[in-house]
Amino acid sequence: MYPGPAPSDVTGVSVFNQKSGEFEFRPGPVFAQTLLADEINRATPRTQAALLEAMGERRVSADGQTYVLKPPFLVIATQNPVDQEGTFPLPEAQLDRFLIRLSLGYPSFEEESKMLTRLQKGHPIDDLQPVVKAEDVIACQDAIREIHVDDKIKKYLLDIVHASREHEDILLGGSPRASIALFRTGQALAAIQGRDFVTPDDVKRMAHPVLAHRLILRPESRLRKKTPAAVVTELVTDAKVPVLERNVEPVREVFA
């Protein structure tokens, strides 16, 4: 039975070079700027842990050396929620390092029909071309940080995260990483919608994808069929929405 990938299969391994008489480090797939971990819950806990440093610090330590990962660095992971045989639950520390979690579900009838048409004569990925340069992604990331976040918005999102730490159904609430993620995704959503400032609706919209996977419910709450998504809805509903005096204006040269 295949035991699955080892941690070195992710980070890389040192190989002895007979010509030079020295060990040479051969980088693993984590050194790619975009890493896709398909069905990550099928990897062993040790292999999953190999991603912690890369996702948290953007660097890899191997054989006494530290290697800085080239920006931008993005980890995308999929997880099969149905088949649990031969899988390992992701630890809280790793879930907390994912900015957001999305559930794709099934495509619509029309979308699936288009998919069949596109796959009729070949796979689209075979002809896939780059849509953006790495330096453009970095420029967008820098521009997002310039999106204005009012102090009232900061308090609003912190009220939601801090309330998760005191909720009766939650054993482990949102961490400071959750606050940062809600802050950054709010900025990104505002920019995508053509604004240079964040609104309460931006925070509301990102609360579920940012917080739900970070919350650990109490056993008795799970027995009562409570879900993290339902708790997040309660947190957002209970938080007092701030009133902003700033007028809506289009973004000017945010991504120039």
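Summarised in this report is the structure supplied together with it.

Moving on: the overall build of the chain. Scanning the chain from terminus to terminus reveals 11 helices and 8 strands. Here the chain, with 256 residues, has 32% of them falling under the buried criterion. For the chain, the computed accessible surface area is about 17,100 Å², with 55% contributed by carbon and sulfur atoms. Averaged over its 32 positive side-chain charges, the chain has a centre that lies 2 Å from the centre of its 36 negative ones.

A few words on the pairing of strand β3 (residues 34-37). Burial along β3 is one-sided: L35 and A37 are buried, while T34 and L36, pointing the other way, are not. Looking at chain direction, β3 and strand β6 (residues 74-77) are connected through 4 bridges and run parallel. Looking across to β6, one finds that L36 is bridged to I76.

With that out of the way, let us pick up unusual backbone geometry. P71 connects to P72 through a cis peptide bond whose omega is -5°. For P72, the position within the fold is in the loop between β5 (65-68) and β6. Its identity as a non-glycine residue notwithstanding, E39 has a phi of 50°, on the positive side. Inspection of the secondary structure puts E39 in the loop between β3 and α2 (45-49).

Once that is clear, we can look at the pattern of salt bridges. Overall, the coordinates contain 10 salt bridges when judged by the stated rule. Across the pair D96 and R177 runs a salt bridge whose closest N-O atoms are separated by 3.8 Å. One end of the pair, D96, is in the loop between α4 (92-95) and α5 (109-118); the other, R177, is in helix α8 (residues 176-192), and 81 residues separate them in sequence. For D96, a relative accessible area of 6% translates into the label buried. For the salt bridge of R224 with D169, the shortest nitrogen-to-oxygen distance reads 2.9 Å. Within this pair, whereas R224 is found in the loop between α10 (219-223) and α11 (228-238), its partner D169 is found in the loop between α7 (151-164) and β7 (170-172), the two being separated by 55 residues in sequence. One salt-bridge network, held together by shared partners, links D169, R224, K226 and E234.

The next point concerns the nonpolar core. The biggest cluster of nonpolar side chains holds 29 residues, and the ones touching the most others in it are I160, L182, V198, V203, L211 and V232. With 6 residues, the single largest contributor to this core is α8. If we skip the residues at most four places from it in the chain, V203 touches I153, Y156, L157, I160, L182 and V198. If you look at the next biggest cluster of nonpolar residues, it comprises 15 residues, including L51, A54, F73 and V75.

For the rest of this paragraph, the subject is the pairing of β5. In the sheet, strand β4 (residues 59-62) pairs with β5 via 4 bridges, with the strands oriented antiparallel. The residue bridging R59 from the neighbouring strand is V68, located in β5. With antiparallel pairing between neighbouring strands as the criterion, β4 and β5 make up a hairpin whose turn holds 2 residues, including D63 at a positive phi of roughly 50°.

With respect to the helices and strands, the residue D127 is situated in the loop between α5 and α6 (134-144). Owing to a relative accessible area of 63%, D127 belongs among the exposed residues under this scheme. D127 sits 86 residues away from H213 along the chain, and the two C-alpha atoms are 34 Å apart.

Right, let's get into helix α9 (residues 200-211). In this model, α9 (12 residues) spans 16 Å end to end at C-alpha, consistent with the 16 Å of a helix rising 1.5 Å per residue. Residues of α9 that are buried include every one of P200, D202, V203, M206, A207, P209, V210 and L211, and no others. On the buried face of α9, the contacting elements are α7, α8 and α11.

Turning our eyes to something else, we now look at the packing of α9 against α11. Packing of α9 against α11 brings their axes to within 10 Å, and their N-to-C directions diverge by 145°. Our pair here, α9 against α11, has a crossing hand that is right-handed. Across from K204, A207, H208 and L211 in α9, the residues of α11 making contact are A229, V232, T233 and V236. In the contact of α9 with α11, the residues fall into 5 nonpolar, 2 polar and 1 charged.

Throughout the structure, instances matching the rule amount to 4 aromatic pairs. For the pair F16 and F23, a centre-to-centre distance of 5.3 Å together with 65° between the ring planes defines the contact as edge-to-face. F23 sits in the exposed class, given a relative accessible area of 60%. Aromatic side chains F25 and F31 sit 5.9 Å apart centroid to centroid with 65° between the ring planes, which places their arrangement in the edge-to-face category. The class of F31 is partly exposed, set by a relative accessible area of 23%.

Rules used throughout
Residues numbered from 1 in each chain as written. Predicted model: local features only at pLDDT ≥ 70, side-chain atom pairs only at ≥ 80, totals over all residues. Heavy atoms only, no water. Helix = DSSP H or I, 4+ residues; strand = E, 2+ residues; numbered from the N terminus. Buried < 20%, exposed > 50% of the residue type's maximum accessible area, 1.4 Å probe, protein only. Areas by Shrake-Rupley, 256 points an atom, 1.4 Å probe, with all protein chains shown as cover. Lys, Arg positive; Asp, Glu negative; His and termini not counted. Charge placed at Lys NZ, Arg CZ, Asp CG, Glu CD. Pairing = 2+ DSSP bridges. Salt bridge = Lys/Arg side-chain N within 4 Å of Asp/Glu carboxyl O. Core = buried A, V, L, I, M, F, W, Y, C linked by side-chain atoms within 4.5 Å. Contact = heavy atoms within 4.5 Å. Expected span 1.5 Å × (residues − 1). Axes fitted to C-alpha atoms, helices over the stretch in contact; angles between N-to-C directions. Left-handed = near helix turned anticlockwise from the far one by under 90°. Nonpolar A, V, L, I, M, F, W, Y, C, P; charged D, E, K, R; others polar. Phe/Tyr/Trp six-rings, centres within 6.5 Å; stacked < 30°, edge-to-face > 60°.

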